[in-house]
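Listed here are the chains, written in short residue letters.
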Amino acid sequence: MTEENTISDEMITQLALEHNRYLSLMIANFNYEATDLIDEFENRVINANIDLNELSLSDRYNILARFKDTNGEYKIPTQVDLIVAINNANLSDKAKLTNYVNILSNKVLTNTDNYTSLAQFIDSIKNIASTDLNNQSLVIFKSYAETLKASGYFWYPESRGGSGVGYIHMEAISNATAKPKPTNGKIAAALISDASSLSIGMIGVAVFGMFTPLGPAVLIGVAAEAAVGSGFTPVRNIYNFIMYMIITDNYVYL
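Everything numeric here is computed off the predicted structure, so don't read it as measured data.

Draft legend 1. Up close: the layout of surface pockets. The space that makes up the largest pocket amounts to roughly 240 Å³. Taken together, 16 residues make up the lining of the largest pocket; nearest its centre are Arg66, Phe67, Lys75, Pro77 and Glu225. At the level of secondary structure, the elements contributing two or more residues to the lining of the largest pocket comprise helix 9 (184-208) and helix 10 (216-237). Across the lining of the largest pocket, the residue classes break down as seven nonpolar, three polar and six charged.

Written out as structure tokens, the structure is:
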């Protein structure tokens, strides 16, 4: 690889952490007694305590609009969307990139251990990929991996080594809708949605902005959009969200 990657590992790690910060602000003061929890999250996004110079109202409305399908319904980003985006991108090693994404998502879906073991596994696969993928694909994969780690810490309960913040939010939604407590599958769906959404944004950055200086607004937009996609996951899960996993060719009911 002769190209010099202008997107550093530090930038990618910070991007994943910014995703968590935005999401925390977007679910703050959430009204679990609201009649429509999807509308409630939409309102939280619009009214989140985020500096308007950082994320304007126009930015917030535009991000929300990008998550709506042709019927006006909000759609959760999934791994399928990421794989489609990878296949549509001008990447020379897209098959390898897809394989590494599948390895991590399969681990997330089957992990019943604590957060630390998941983070260690993610780092081990990232180290292998670092010597196997070209620069553009590596930026995308590292974005996926680092977001899984940050998201895992956000969504995992304290009993499994996470912050407990996301789990408490997800549990409150389950209680408000008389649904069972969050399962490992629902937590995994949140992680994979987070990582897929952010990585889709990073495909554009990696492929089209790889060798030009990146302003903070570009990365802020990627992180904020991923946070919105993440926030929709638990409120959409109450409607029996189904995720299709490429690696297993099976439907996973969450």
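Now, onward.
Draft legend 2. Seen up close, the packing of aromatic side chains. Under the counting rule described, the total for this entry stands at seven aromatic pairs. Seen from their ring centres, Tyr100 and Phe141 are 5.5 Å apart, and the 50° between their planes marks the pair as tilted. Placement of Tyr100 in helix 5 (residues 94-110) and of Phe141 in helix 7 (residues 135-155) is noted, with a sequence separation of 41 residues between them. The two residues Tyr100 and Phe141 agree in class, both being buried. A network of ring pairs unites the aromatic residues Phe41, Phe67 and Phe232 as a single cluster. Its guanidinium or amino end placed over the ring of Phe121, Lys107 lies 5.1 Å from that ring's centre, counting from NZ or CZ.

Draft legend 3. Fine view of unusual backbone geometry. Phi at Asn29 takes a positive value of approximately 60°, unusual for a residue other than glycine. The residue Asn29 is located in the loop between helix 1 (9-27) and helix 2 (37-47) in this model. Among the residues examined, Asn29 registers a relative accessible area of 70% and is labelled exposed.

Draft legend 4. Looking closely at the confidence of the model for the chain. With 84% of its residues at a pLDDT of at least 70, the chain reaches an overall mean of 83. Ranking the elements of the chain by mean pLDDT puts strand 1 (residues 242-245) last, at 36, and helix 6 (residues 115-129) first, at 96. Counting interchain partners and residues more than four positions distant, the pLDDT-below-50 stretch residues 210-215 has 14 contacts.

Draft legend 5. Spotlight on the environment of Ala95. Its location among the elements puts Ala95 in helix 5. Along the primary structure Ala95 and Ile83 are separated by twelve residues, whereas in three dimensions their C-alpha atoms are 9.7 Å apart.

Draft legend 6. Quick look at a nonpolar patch on the surface. A cluster of nonpolar side chains, contributed by Leu52, Leu57 and Tyr61, occupies part of the molecular surface with about 310 Å² of accessible area. Structurally, the position occupied by Leu57 is in helix 3 (residues 57-66).

Draft legend 7. Looking closely at the pattern of salt bridges. Per the counting criterion, the structure on display carries eleven salt bridges. When the shortest N-O distance is used, the salt bridge between Glu40 and Arg44 registers 3.1 Å. Remark: Arg44 and Glu40 occur in helix 2; sequence separation between them is four residues, near one turn of the helix. Comparing Glu40 with Arg44, the two get one shared label, buried. A salt bridge links Glu171 to Lys181; the nearest nitrogen and oxygen atoms lie 2.7 Å apart.

Draft legend 8. Seen up close, helix 2. Of all eleven residues in helix 2, eight are buried; the element is thus mostly enclosed. Along helix 2, the residues that are buried comprise Leu37, Ile38, Glu40, Phe41, Glu42, Arg44, Val45 and Ile46. Sitting at the amino-terminal end of helix 2 is Asp36, which places a side-chain oxygen 3.0 Å from the backbone nitrogen of Ile38.

Draft legend 9. Examining the packing of helix 5 against helix 7 more closely. At a minimum axis separation of 10 Å, helix 5 and helix 7 run at an interaxial angle of 5°. Considering their axes alone, helix 5 and helix 7 lie roughly parallel with respect to each other. In contact with Leu97, Tyr100, Val101, Leu104, Ser105 and Val108 of helix 5, helix 7 contributes Ser137, Ile140, Phe141, Tyr144, Ala145 and Leu148. Looking at side-chain class alone, the contact of helix 5 with helix 7 contains ten nonpolar, two polar and no charged residues.

Cut-offs used in this document
- Residues numbered from 1 in each chain as written.
- Predicted model: local features only at pLDDT ≥ 70, side-chain atom pairs only at ≥ 80, totals over all residues.
- Heavy atoms only, no water.
- 1 Å grid on protein atoms, 1.4 Å probe; cavity = no way out; pocket = protein on both sides within 12 Å on 5 of 7 lines; lining within 4 Å.
- Points joined across faces, edges and corners; volume = space filled by probe spheres on them.
- Helix = DSSP H or I, 4+ residues; strand = E, 2+ residues; numbered from the N terminus.
- Nonpolar A, V, L, I, M, F, W, Y, C, P; charged D, E, K, R; others polar.
- Phe/Tyr/Trp six-rings, centres within 6.5 Å; stacked < 30°, edge-to-face > 60°.
- Buried < 20%, exposed > 50% of the residue type's maximum accessible area, 1.4 Å probe, protein only.
- Lys NZ or Arg CZ within 6 Å of the ring centre and 35° of its normal.
- pLDDT = per-residue confidence, 0-100.
- Contact = heavy atoms within 4.5 Å.
- Patch = residues over 30% accessible without salt bridge, like charges linked within 9 Å, V, L, I, M, F, W, Y side chains within 5 Å.
- Areas by Shrake-Rupley, 256 points an atom, 1.4 Å probe, with all protein chains shown as cover.
- Salt bridge = Lys/Arg side-chain N within 4 Å of Asp/Glu carboxyl O.
- Polar contact = N/O pair within 3.5 Å; in protein donor to acceptor, adjacent residues only side chain to side chain.
- Axes fitted to C-alpha atoms, helices over the stretch in contact; angles between N-to-C directions.
- Parallel < 35°, antiparallel > 145°, perpendicular 65-115°, else oblique.

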